[in-house]
Amino acid sequence: MSKKITIDPVTRVEGHGKVTIYLDEDNNVKESRLHIVEFRGFERFIQGRPYWEAPVLVQRLCGICPVSHHLAAAKAIDVIVGAGTGDGLTPTADKMRRLMHYGQIFQSHVLHFFHLASPDLLFGLDAVPEIRNIIGIAKENKHLAVMGIMMRKYGQEIIKATSGKKIHGTGAIPGGINKHLTITERDSFLNGKEGQNIDQMIAWSIEALDFLKEYHKNNKSFIDTFASFPSNHLSIVRDDGAMDLYHGKIRAVDTNGKVVINGIDYQNYTDIIVEGVKKWTYMKFPYLKDLGKEKGWYRVGPLARMNTCDFIPSELAQKEFEVFKHYTKGKPNNSTMHYHWARLIEVLHAAEMMKELLNDPDILTGELVIKGKKQYEGVGVIEAPRGTLFHHYKIDNNDQITMANLIVSTTNNNDPMNMAVNAAAKEMMNGQAQITEPMMNAVEVAIRAYDPCLSCATHALGQMPLELTLKDINNNIIDKKRT
Amino acid sequence: MNKNITFTIDGKKCIAKQDQNIVEAAEDNGIYIPTLCHLKGIIPSGSCRICNIKSNGRFMTACTTKVQEGMVIENNTEEIDELRKIIIETLFVSGNHYCPSCEKSGNCILQALAYKHRIMIPRFAYTFEVKQVDATSPKIYLERNRCVLCKRCVRSIKTKDNKNYFAIEGRGYTSQIILDKKLALNMSDEEAQIAMKNCPVGCILKKEKGYIEAIGTRKYDKIEIGTEIEIEA
Ligand code: SF4
Ligand code: SF4
Ligand code: FES
Ligand code: NI
């Protein structure tokens, strides 16, 4: 008899998550499936809308990473207005958008780590849900909680100053940006009081990294092996191999670090990526065409980016990157929990990038918008906090959108998240056909390493918890729990 | 022979020139009467009724009524405020207004009026009527979901030989704004720009340009509608 366990709503994963675990006769985990109810409504909904509306409209499909959608859509529409494929904007527009993006990376990663993930580390897998949140953190380690809150605020203020609002702004417009930064704003980001300045952000980023590294030292086997598995890794990287979260060409490495895809202009992403389908879900499972369905799936996000890029173009983050690389002796890192480590290196990088951009006079003055010959199709790709994000649009002669295809980070990570859930379930199942609290937590922790934000893939807003179902070999439910 | 007229609004003594309508006379005296379909400089149509005031116990539209000597006008009363609210709410529920993604947001008179009147949720049920957009002309995207049928475009946007670019087609519930397809082919950028500006809402959109004004710099981000009139006085 094979049995099935389902974990539903991951408490600190935004969006709707359902997990089913299938057991074999001996109550061992046979297979696990993460069901995300993907709703393709947005792609439909946007048809007929004027193309210049896309960056403002589509960001609404996620309450956590709207800026990423805003910018990915804007980049796609840049192509349509003839402003080039990502590197044709004016210096002001390019830098303001980058500032917005790094503000978003910063605040989103901080939210992900401090608010959502750090409770797992501080309190462990068997802690009760009531304390595994930012309030619990505040009681246990006030400084950590304050850092998290203040850093997030800083990133949100950067987003507001560049896009007009903390969420759902309008800053990026086809071919550029609609505002400069004022000198007052710039100065307050550089030298603001009460911890709201960039040097404090950099210092706290390092502190957060130290916290994680210390934790790692004391919990080596958990951090290194929990829910880990080999995979390919994909991201965009700059032409010289540098990490560039805003723009670059597609690169993928295999589990041994061999570069399998390189220098691909994302306008041609359909040449290399196929959106696979499976019978049990509407969610797509993208894979690399060259490697095929079985072997071609890949991971995206902070961990993947550490594996694809050659270096990080900011001093302090580069040092941390070297430590990170040294840990696996230069080989790709395949540890699921190292996502958090990679994430914090990116937090530091984002802080350094914000400092560089804030000190650049181009953000204060200069041309905002550029346009050229109209095109009828455009693709925009960005490294969103949780990974590579594709936006693809076609328009007709009337300037109406006729086709939209989005591959969000969560979708890119679909196969890996299923793998991680399966690995976590395996580790926690000990021959008993029932769902335990630690098992539920473990599944959550595995998902959360990748994504706090299933909302993006499900196109739903707000938090929905996780439901776990255990099924036997005959597809009978033998246990079911929700958080 | 320019004899001035004296009258009062909510008890305040006012002076107007002859032949002025109440909206403009009030404005000259630093008093704001909300308008929507009225556009300064063109003949008022009195269709939206948002400018309702009360004089001699009777409601009248301030944009179409000439001010008269000795008139006693009520403008800022609970009763009138309520009436205006009802009109605004009716406009919201009879269209499909998604302000957050609308490029007129911050520059939209309907939205500004809703803010001014502290409207959170309309008391009436949304009709969710399906309205067709018309994107076929080269310069204009007509987003009929947001049209309030005020005819400002009909009255103000004309070709050089005085032909109407815009017209209302149909009657009653089925009426909709249309743009003359032939004339639209030769519409200039300037005309399209003015058409967008004259539309009080986000129905007439000049193509290829949106969200140019950053949030925080748009007209009604800075001040509540009407306050510029009250401040100047
Ligand atoms: S037209 Fe005005 S009220 Fe309607 S959606 Fe646009 S901003 Fe809102
Ligand atoms: S298109 Fe605009 S100006 Fe014309 S009737 Fe409709 S709301 Fe009024
Ligand atoms: S403004 Fe007077 S009736 Fe519309
Ligand atoms: Ni998201």
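Not measured: the values here are computed from a predicted model.

A. Inspection of the layout of surface pockets at higher detail. All names here are of chain B. Computed from the structure, the second largest pocket encloses a volume of approximately 750 Å³. Lining of the second largest pocket is provided by 27 residues; of these, Ser 94, Lys 131, Leu 149, Gly 172 and Ser 175 occupy positions nearest its centre. Breaking the lining of the second largest pocket down by element, the ones donating at least two residues are α2 (78–94) and β8 (176–179). Of the residues forming the lining of the second largest pocket, the biggest block, four residues, is contributed by α2. Looking at side-chain class alone, the lining of the second largest pocket contains twelve nonpolar, eleven polar and four charged residues.

B. Just the pairing of strand β9 (residues 273–278) of chain A, in detail. Residue and element names in this part refer to chain A. Where β9 and strand β10 (residues 281–288) come together, six bridges link them in antiparallel fashion. Across the sheet, residue Ile 273 finds its bridge partner in β10, namely Leu 288. Linking β9 to β10, which pair antiparallel, is a turn of two residues.

C. Quick look at the interface of chain B and chain A. Counting from both sides, the interface comprises 19 residues of chain B and, opposite them, 22 residues of chain A. Contact between chain B and chain A buries roughly 1800 Å² in total, counting both sides, with carbon and sulfur atoms accounting for 55%. Of all residues in chain B, Glu208(B), Tyr211(B) and Ile215(B) give up the largest surface area on contact with chain A, accounting jointly for 39% of the area buried on that side. Summed over the shared surface of chain B and chain A, the result is four salt bridges. A salt bridge links Lys207(B) to Asp399(A); its shortest N-O distance comes to 3.9 Å. Where chain B meets chain A, there are seven residue pairs in polar contact (both at pLDDT 80 or more). Looking at the side of chain B that touches chain A, its residues break down into eight nonpolar, three polar and eight charged.

D. Spatial organisation of empty space enclosed by the protein. Residues and elements named next belong to chain B. Tallied over the entire structure, the rule returns three cavities of 30 Å³ or more. When its volume is computed, the largest cavity comes out at roughly 90 Å³. Looking at the largest cavity, the residues that line it are Phe 92, His 97, Tyr 98, Cys 99, Cys 102, Ser 105, Cys 108, Leu 110, Gln 111, Arg 146, Val 201 and Gly 202. For the lining of the largest cavity, the class distribution of residues is seven nonpolar, four polar and one charged. In this structure, the second largest cavity encloses a volume near 80 Å³. Lining the second largest cavity are Cys 147, Val 148, Leu 149, Cys 150, Lys 151, Arg 152, Cys 153, Ile 177, Cys 199, Pro 200, Cys 203 and Ile 204. The residue inventory of the lining of the second largest cavity, partitioned by class, reads ten nonpolar, no polar and two charged.

Analysis parameters
Residues numbered from 1 in each chain as written. Chains lettered and ligands numbered in written order. Predicted model: local features only at pLDDT ≥ 70, side-chain atom pairs only at ≥ 80, totals over all residues. Heavy atoms only, no water. 1 Å grid on protein atoms, 1.4 Å probe; cavity = no way out; pocket = protein on both sides within 12 Å on 5 of 7 lines; lining within 4 Å. Points joined across faces, edges and corners; volume = space filled by probe spheres on them. Helix = DSSP H or I, 4+ residues; strand = E, 2+ residues; numbered from the N terminus. Nonpolar A, V, L, I, M, F, W, Y, C, P; charged D, E, K, R; others polar. Pairing = 2+ DSSP bridges. Contact = heavy atoms within 4.5 Å. Buried area = accessible area lost by both parts, 1.4 Å probe. Salt bridge = Lys/Arg side-chain N within 4 Å of Asp/Glu carboxyl O. Polar contact = N/O pair within 3.5 Å; in protein donor to acceptor, adjacent residues only side chain to side chain.

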